[in-house]
Amino acid sequence: MYAQLVETGVKRVKSLEEMTPEERAFQERIDAEIKIEPKNWMPDAYRQTLIRQISQHAHSEIVGMLPEGNWVTRAPTLKRKLQLMAKIQDEAGHGMYLYSAMETLGADRDAEIDKLHSGKAKYSSIFNYPTLNWADMGAVGWLVDGAAIVNQVVLQRTSYGPYSRAMIRICKEESFHQRQGYEILLTMMRHGTQAQKDMVQDAIDRLWWPALMMFGPSDADSPNSAQSMAWKVKRMSNDDLRQRFIDQTVPQLEFLGCTAPDPDLKWNEERGHYDFGPINWQEFYDVLKGNGPCNRERVSTRRKAIEDGAWVREAAVAHAAKRQQKQNAA
Amino acid sequence: MTDNKNDLIEYLLRLGDNAMINGQRLCEWCGRAPALEEEMALMNVGLDLVGQARNWYEYAAELLADGRDADQLAFRRDERAYRNTLLVEQPNGDYAVTTAKLFLFDAWHFHTLSALSASSDERIAAIAAKGLKEVTYHLRRSGEWVERLGDGTEQSRQRMLAGIDEVWRFTFDLLSSDEIQQRLAAAGIGADATAVAAAWQATVEQVFERASLPVPQPASYFYLDGKRGLHTEHLGILLAEMQFLQRAYPDATW
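Note that the structure is predicted; figures quoted are calculated from it, not measured.

A few words now on the interface of chain A and chain B. Listed per partner, the contact involves 50 residues of chain A and 50 residues of chain B. Across the chain A to chain B interface the summed buried area is about 4300 Å²; carbon plus sulfur atoms make up 71%. Joining chain A to chain B, the criterion identifies 3 salt bridges. A salt bridge links Glu37 of chain B to Arg109 of chain A, with the nearest nitrogen and oxygen atoms 3.0 Å apart. Elements that contribute at least two residues to the side of chain A that touches chain B include exactly α3 (65-72), α4 (78-103), α7 (161-191), α8 (194-213), α12 (295-308) and α13 (310-329) of chain A. Per element, the largest residue contribution to the side of chain A that touches chain B is 14 residues, and it comes from α4 of chain A. For the side of chain A that touches chain B, the per-class residue count stands at 26 nonpolar, 14 polar and 10 charged.

For the rest of this paragraph, the subject is the side chain of Asn133 of chain A. Residues and elements named next belong to chain A. Summarising the element assignment, Asn133 is placed in the loop between α5 (109-117) and α6 (135-155). On the basis of relative accessible area, Asn133 is assigned to the buried category, the value being 9%. A polar side-chain atom of Asn133 sits 3.1 Å from a polar atom in the side chain of Asp202. Residues in contact with Asn133, not counting those within four places in the same chain, are Trp71, Met199, Asp202, Ala203 and Arg206.

Our next topic: unusual backbone geometry. Residues and elements named next belong to chain A. A positive phi is found at Glu33, a non-glycine position, where the angle reads about 65°. Checked against the element boundaries, Glu33 lands in the loop between α1 (21-31) and α2 (44-63). Phi at Lys232 takes a positive value of approximately 55°, unusual for a residue other than glycine. Judged by relative accessible area, Lys232 falls into the buried class, the value being 15%.

For any two helices packed against each other, one specifies the crossing angle of their axes together with the interaxial distance. All names here are of chain B. Two elements in contact, helix α6 (residues 122-151) and helix α10 (residues 193-210), have axes whose closest approach is 8 Å; the angle formed by their N-to-C orientations is 40°. Relative to α10, α6 is oriented oblique. Of the two elements, α6 crosses α10, and the hand of that crossing is right-handed. Taking contact as the criterion, the partners of Leu139, Gly143, Val146 and Glu147 in α6 are, on α10, Thr203, Val207, Phe208 and Arg210. Along the lines of polarity and charge, the residues of the contact of α6 with α10 split into 4 nonpolar, 2 polar and 2 charged.

What follows concerns the packing of aromatic side chains. In this description, an aromatic ring pair is defined by two values, namely the gap between the centres and the angle between the planes. With the rule as written, the count across this model stands at 20 aromatic pairs over all chains. Measuring from centroid to centroid gives 6.5 Å for Trp71 of chain A and Trp134 of chain A, while their planes differ by 70°, and the two rings are edge-to-face. In this pair, Trp71 of chain A sits in helix α3 while Trp134 of chain A sits in the loop between α5 and α6, placing the two residues 63 residues apart along the sequence. The residues Trp71 of chain A and Trp134 of chain A share a single accessibility class, namely buried. Feature note: the residues Phe26, Trp41, Tyr46 and Trp231 of chain A constitute an aromatic cluster, connected by ring pairs. The ring of Trp145 of chain B is capped by Arg148 of chain B, whose NZ or CZ atom sits 4.5 Å from the centre of that ring.

Residues and elements named next belong to chain B. Under the counting rule described, the total for this entry stands at 7 cavities of 30 Å³ or more. Taken as a whole, the largest cavity encloses approximately 200 Å³ of empty space. Looking at the largest cavity, it is lined by 19 residues, and the ones nearest its centre are Asn18, Trp108, Leu174, Gln181 and Lys227. Looking at the lining of the largest cavity, the elements with two or more residues in it are α1 (2-27), α5 (95-116), α8 (171-175) and α10. Per element, the largest residue contribution to the lining of the largest cavity is 4 residues, and it comes from α1. Broken down by class, the residue content of the lining of the largest cavity amounts to 8 nonpolar, 6 polar and 5 charged.

Quick notes on the rules
- Residues numbered from 1 in each chain as written.
- Chains lettered and ligands numbered in written order.
- Predicted model: local features only at pLDDT ≥ 70, side-chain atom pairs only at ≥ 80, totals over all residues.
- Heavy atoms only, no water.
- Contact = heavy atoms within 4.5 Å.
- Buried area = accessible area lost by both parts, 1.4 Å probe.
- Salt bridge = Lys/Arg side-chain N within 4 Å of Asp/Glu carboxyl O.
- Helix = DSSP H or I, 4+ residues; strand = E, 2+ residues; numbered from the N terminus.
- Nonpolar A, V, L, I, M, F, W, Y, C, P; charged D, E, K, R; others polar.
- Buried < 20%, exposed > 50% of the residue type's maximum accessible area, 1.4 Å probe, protein only.
- Polar contact = N/O pair within 3.5 Å; in protein donor to acceptor, adjacent residues only side chain to side chain.
- Axes fitted to C-alpha atoms, helices over the stretch in contact; angles between N-to-C directions.
- Parallel < 35°, antiparallel > 145°, perpendicular 65-115°, else oblique.
- Left-handed = near helix turned anticlockwise from the far one by under 90°.
- Phe/Tyr/Trp six-rings, centres within 6.5 Å; stacked < 30°, edge-to-face > 60°.
- Lys NZ or Arg CZ within 6 Å of the ring centre and 35° of its normal.
- 1 Å grid on protein atoms, 1.4 Å probe; cavity = no way out; pocket = protein on both sides within 12 Å on 5 of 7 lines; lining within 4 Å.
- Points joined across faces, edges and corners; volume = space filled by probe spheres on them.

This is the structure:
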């Protein structure tokens, strides 16, 4: 999930009786599964929540390019290099697409990016972990994109039209990335040397728990979920999404011949789900607060890119204005 | 054909190495470009180039027939065996240096692939024709950036001038030709380097004029020669990074 802990600014969900006629018409539209479009009236809190959620999602796409950028210059074969470059390019595209969806809500891309650089806006906590061997490129595709898909498949039905349509498009590409990631790992496990197999297990050991944290805190500790669910900005609870992800991932893990770093992970016949051990939420909140292993590097790399590029963007604007002037004069 | 075979292998490696090293430098921009649109464009151009490199290497590997495949040509050759032009191995610098590098290379690449599209070697003609579609866009894009930066603000103009100054000296190596090229051009297989150089000069003059940038005097002989594996010190470091996994785990399957 690329947007965790999205603040709604709402303490308690209003009942239909408590709503103004506008609010009520809006809620009834949502209840009837009719998409909200940019020109429709919407409560300010809904608008702000979506801006926060979509911008977090867009920031995650962009920051998420950095752990891959760490390996794209070292990809081991032409095929793997091309795959990774294409994936990174897709992510830049997703970022652009999501920022556009966000702008339909009246938000400004540059202003939201400023919030990322000042630490006010969040992005997915997973990208604050380092990528330490090539298998991480497989594990990121499989687990991180995999977790994102579980969330985004559900978000294809989200109530805001432009976001829902962005999700439909993005999901197709993410599924491709996930299969590619899994294939990287499978090749290393099936045809690789012992050193390569060790890389795969090491990558899974490091990324397993952070991937589970991507779904955000447990429902009991997720104060904004009720309003987001009522608005159908969110369509399944964090815990349900996490369970779904674990249930579909464990058989793939076994097929790889690898293990998860969780001694409590086992099939529960009665529940029809996998049980799993406690998540270290202290780590999650720490990373979210900025104290993860790579928070500082990720944000400063992004900030530097935008600061160093200021003169380039200014030149492009100045040149376009001069051209316009010449055209008008002609 | 056999007479030309060794020439042809050399020539294919030059084409492949130019695309590969340029693509590698573009990978270094990941997450660091001045705008999201540029992030996409740079990776897109890089992707085209690495794809083209693969095509040239595959053909070279078939002709070599010594058991090496395209990956081994890319990831297991040392710097003295690399045949790329000096220009593409230069560090990225700021966006003006990168723009200058890309544009000067793209103009050469465009005219070279245009000529190779008519090669009597069908395989070369096919790879070149496919690449030419991509490179036509590369040249338009980098040419537009030369214009934007040259004509944009005072700062961008100064940086663009400095960027051109930084890499112009490598254009001697880019445009020069040797006996291998001459023999292949005479056989109708390779591009005529003199004709490519003249077309390159015309393209550069045209774009620089639109950008109000002076065209420097032709670059002079530089003592190094990428075609013979005499590189600047930057290539060795670049390859150390790019080839790391293949070198560290020679028995691995990726």
